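If you want the building blocks of each chain, they are given just below.
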Amino acid sequence: MQATVRTFDPASRSGTILLDDGVELPFDANALSGTGLRHLRIGQRVRLEVEGEGARMRVRSLTIYTLSG
């Protein structure tokens, strides 16, 4: 799944992402654990894994979206 970074607080390493269908989801520092990411830019495209459904959906992990070859 892909989305766009809407907000990011470098101090807490948390923020929100905007899914392509307009749904906004919060994420916390745990979503960045083990990724090596220290900072995200507003508007940056990311690839994410979520768990749960509907109101219980949460971001499990985020990585930078890159175009490959």
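Scroll up to find the structure.
Just so we're clear, the structure is a prediction, and the values are computed from it rather than from any experiment. (Residues numbered from 1 in each chain as written. Predicted model: local features only at pLDDT ≥ 70, side-chain atom pairs only at ≥ 80, totals over all residues. Heavy atoms only, no water.)

Draft legend 1. Main features of the overall build of the protein. When its secondary structure is counted, the protein shows 0 helices and 5 strands. Walking the protein from its N terminus toward its C terminus, one meets helices and strands in the order β-β-β-β-β. Taking 2.2 N^0.38 as the reference for a compact globule, 69 residues should give roughly 11 Å; the C-alpha atoms of the protein span a radius of gyration of 11 Å, in line with that estimate. The C-alpha extent of the protein, read off along each of the three principal axes, is 30 × 30 × 20 Å. The burial tally for the protein puts 26% of its 69 residues in the buried class. Sequence-distant contacts in the protein: of pairs separated by 6 or more residues, those separated by 24 or more amount to 43%. Only carbon and sulfur atoms are counted for the fraction: they give 49% of the accessible area of the protein, which is about 4,600 Å². Side-chain charges in the protein split into 9 positive and 8 negative, and the spacing between the mean points of these groups amounts to 6 Å. (Helix = DSSP H or I, 4+ residues; strand = E, 2+ residues; numbered from the N terminus. Rg over C-alpha atoms; globule rule 2.2 N^0.38 Å. Buried < 20%, exposed > 50% of the residue type's maximum accessible area, 1.4 Å probe, protein only. Contact = heavy atoms within 4.5 Å. Areas by Shrake-Rupley, 256 points an atom, 1.4 Å probe, with all protein chains shown as cover. Lys, Arg positive; Asp, Glu negative; His and termini not counted. Charge placed at Lys NZ, Arg CZ, Asp CG, Glu CD.)

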